[in-house]
Amino acid sequence: MNLPFSCHRPLPDTEFQLNVPILDYLDKRLIFVTGKGGVGKSTVAIAMGIRAALEGKRTIVVEVASTENTSRIFRQEDVGYKEVEVANDLWAISIDPDDSMREYVLLQLKVRAMRDLLFKSRMFTYLADATPGLKELVTIGKIWELAQPNRKIKHGRRYDLVIVDSPATGHGISFLQTPRTFANIARVGPMHTQSRALENMITDHELTGSVIVSLPEEMPVNETADLEAELTGDIDVSVDRVIMNALYPDRFSKTDMAALRKLADSEDRELRAVYRGALTQSRRSAAQQEQLERLRGMVSSPITTLPFIFEPELTLKAARSLAEGLS
Ligand SMILES: Nc1ncnc2c1ncn2[C@@H]1O[C@H](COP(=O)(O)OP(=O)(O)OP(=O)(O)O)[C@@H](O)[C@H]1O
Ligand SMILES: [Mg+2]
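Numbers given to residues run from 1 along each chain, matching the order in which its sequence is written. Just so you know, chain letters begin at A and ligand numbers begin at 1, following the order they were written in. Totals for whole chains, interfaces and linings use every residue, but because this is a predicted model, local features are given only for residues with pLDDT of at least 70 and side-chain atom pairs only at 80 or more, for both listing and counting.

Colleague: For this particular structure, what's the right way to read the overall build of the protein?
Modeller: Numbering goes from the N terminus for both helices and strands, where a helix is a DSSP run of H or I of at least four residues and a strand is a run of E of at least two. For the protein, the helix and strand inventory stands at twelve helices and eight strands. The exposure scheme places C-beta atoms from the backbone and then counts, for each residue, the other C-beta atoms within 10 Å of its own, assigning buried at 20 or more, exposed at 12 or fewer, and partly exposed in between. Expressed as a percentage of the 327 residues in the protein, the buried residues total 35%. Contact definition: two residues whose C-beta atoms, as placed from backbone geometry, lie within 7 Å. The contacts of the protein with a sequence gap of at least 6 include a subset with a gap of at least 24, amounting to 70%.

Below is the structure:
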């Protein structure tokens, strides 16, 4: 098969081959997928991961919250705090803050006796629980480590792209602000230096970007506009795309509706139900299109739309079709 881009190794799984153009907004090393709760962040993060892998990028999708949504989609693997290859060129990891903390201490403290003392005394657990934001900080530290061309951990794989399925907005905002908060509190010393390095990574528009996932409803559209303003404002993170997720198809033309309308007066109950079903669907789709138009007027980032997938459960196959639609 001729792909319109070069792959550094062949794609063996025929189901995993799509004729896809390269997406400019995936051309970063680190992308945060943000948005309010339940809008489809995990779904979009996975679809983007599949898409980037198809473009030949060695990609890892990072789940931050321990809800394990990633592993629900990537069912064949048990994704946890280790990097698991879930498809060709695509890995997944679920970051657990306690594990990140442990890894951080191991990397930082060269004196073994000191590390043992810290772990044994449970001092770190107490410290983490007592310091708001410390867990988020070490989580971002782990994301930073995953995105390094030269990984800090032994035999660490080099990724071209790290996609972060971020915590829902509210959490999301403070999550991305954590390094700056810590850098400002600790004015000198290693905590300051390392927090500043994380902040620099997050706010580097060349290397790091974000996408905001939205839904075609009034509140999510308003919140998307607010989030875009906050991210591009004080937080200073590049917003490269807004993804309007789960749009209903506009199945019926005006002619179709005129034809269907005749069924409204039908004697047959079933035919009348068909008309009502079509009308509801058509109205819903029109309302969603209005929200899409509102969104266009409220954000400055380019918008990509994704269809609603009519399946009882979002499978990897469905995520692949969404990956195709990300253009
Ligand atoms: N395009 C779509 N079509 C149909 N269902 C979808 C679509 N996108 C997401 N969903 C479904 O909506 C629900 C929420 O999606 P998802 O878990 O990706 O959202 P989330 O933003 O990660 O949620 P949370 O904030 O809880 O982590 C899931 O059941 C998912 O299968
Ligand atoms: Mg999620």
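Colleague: Please clarify how the packing of helix α3 (residues 97–108) against helix α6 (residues 134–146) should be interpreted in this entry.
Modeller: The description of two packed helices rests on the angle between their axes and on the distance between the axes. For helices, the axis comes from a line fit to the C-alpha atoms of the stretch in contact; other axes are also lines fit to C-alpha atoms, and the angle between any two N-to-C directions lies between 0 and 180 degrees. In contact at an axis separation of 8 Å, α3 and α6 are set at 70° when each is read in the N-to-C sense. By the criterion of interaxial angle, the relationship of α3 to α6 is roughly perpendicular. Considering the relative orientation of α3 and α6, their crossing is left-handed. Contact residues: α3 offers Pro97, Ser100, Met101, Glu103 and Tyr104, while α6 offers Lys135, Val138, Thr139, Gly141 and Lys142. Ten residue types, Ala, Val, Leu, Ile, Met, Phe, Trp, Tyr, Cys and Pro, are classed as nonpolar, four, Asp, Glu, Lys and Arg, as charged, and the remainder, Gly among them, as polar. When the residues that make up the contact of α3 with α6 are grouped by side-chain class, the tally is four nonpolar, three polar and three charged. When an angle is under 35 degrees it counts as roughly parallel; over 145 it counts as roughly antiparallel; between 65 and 115 it counts as roughly perpendicular; any other value is oblique. What makes a crossing left-handed is the near helix being turned counterclockwise from the far one by less than a right angle; a clockwise turn instead makes it right-handed.

Colleague: Can you help me understand the nonpolar core in this one?
Modeller: Note on soluble globular proteins: their nonpolar side chains tend to be buried together. With 65 residues, the main nonpolar core has Val33, Val62, Val162 and Ile163 as its most contacted residues. A per-element tally of this core places helix α1 (residues 41–54) first, with nine residues. Leaving out residues up to four positions away in the same chain, Ile163 has contacts with Ile31, Val33, Ala45, Met48, Gly49, Thr59, Val61 and Val62. The term nonpolar core refers to a set of buried Ala, Val, Leu, Ile, Met, Phe, Trp, Tyr and Cys residues connected through C-beta atoms within 7 Å.

Colleague: Can you help me understand the sheet that holds strand β1 (residues 30–34) in this one?
Modeller: Pairing between the strands of a sheet is mediated by backbone hydrogen bonds and can be parallel or antiparallel. With respect to topology, eight strands assemble into an open sheet ordered β3-β4-β2-β5-β1-β6-β7-β8, the strand pairing being mixed. At either margin of the open sheet sits one strand with a lone partner, and together these are β3 (84–87) and β8 (303–307). Neighbour-to-neighbour, the strand axes of the sheet open up by a mean angle of 25°, direction not taken into account. Pairs of strands are assigned from DSSP output, requiring at least two bridges between the strands. Pairing analysis gives five bridges linking strand β6 (residues 208–214) to strand β7 (residues 239–247), with the strands arranged parallel.

Colleague: How should the site of ligand 1 be read in this particular structure?
Modeller: For each residue, a C-beta atom is placed from the backbone, and the residue is labelled near a molecule or strand when this atom is within 6 Å of it. Inspection of the region around ligand 1 gives 17 residues, with Gly40, Lys41, Ser42, Thr43 and Ile309 positioned closest. Examining the composition of the shell around ligand 1, we find that three residues originate from one element, α1, more than from any other. Taken together, the residues of the shell around ligand 1 break down into seven nonpolar, nine polar and one charged.

Colleague: I would appreciate a short explanation of the packing of helix α9 (residues 218–232) against helix α11 (residues 269–298) in the present structure.
Modeller: For the pair α9 and α11, interaxial distance at closest approach is 10 Å and the crossing angle is 15°. Judged on the interaxial angle alone, α11 and α9 are roughly parallel. Considering the relative orientation of α9 and α11, their crossing is right-handed. Each of Glu218, Val221, Thr224 and Ala225 in α9 lies in contact with α11, whose residues at this interface are Gln291, Arg294, Leu295 and Met298. Residues of the contact of α9 with α11, tallied by class, amount to four nonpolar, two polar and two charged.

Colleague: Is there a simple way to explain α11 in this structure?
Modeller: Along an α-helix, residues three or four apart share an orientation, since each turn contains 3.6 residues. How far a helix is expected to stretch is found by multiplying one less than its residue total by 1.5 Å. In a regular helix each residue adds 1.5 Å, so 30 residues correspond to 44 Å; α11 covers 44 Å between its end C-alpha atoms and thus fits that length. Along α11, the positions that sit buried rather than exposed are Gln288, Gln291 and Leu295.

Colleague: How should I be thinking about the environment of Pro307 in this particular structure?
Modeller: The topology assignment puts Pro307 in strand β8. By the C-beta count within 10 Å, which is 13 here, Pro307 ends up partly exposed. Distance from Pro307 to Asn245, taken between C-alpha atoms, is 6.4 Å for residues 62 residues apart in sequence. The contacts of Pro307, once residues within four sequence positions are left out, are Leu247, Pro249 and Gly325.

Colleague: Would you mind showing me how to read the environment of Ala287 here?
Modeller: By the secondary structure assignment, Ala287 is in helix α11. C-beta crowding within 10 Å serves as the criterion here: with 14 such atoms nearby, Ala287 is assigned to the partly exposed category. Here the alpha-carbon distance between Ala287 and Glu218, two residues 69 residues apart in the chain, equals 9.7 Å.

Colleague: It is not clear to me how the pairing of β1 should be interpreted in this structure. Could you clarify?
Modeller: Most of β1 is tucked away: five of the five residues are buried. Every second residue of β1 is oriented toward a common face, with Leu30, Phe32 and Thr34 on one face and Ile31 and Val33 on the other, all of them buried. Relative to strand β5 (residues 161–165), β1 is paired through four bridges, and the arrangement is parallel. Opposite Val33, over in β5, you have Asp165 as the bridge partner. Summarising the sheet, β1 and β6 pair through five bridges and their orientation is parallel.

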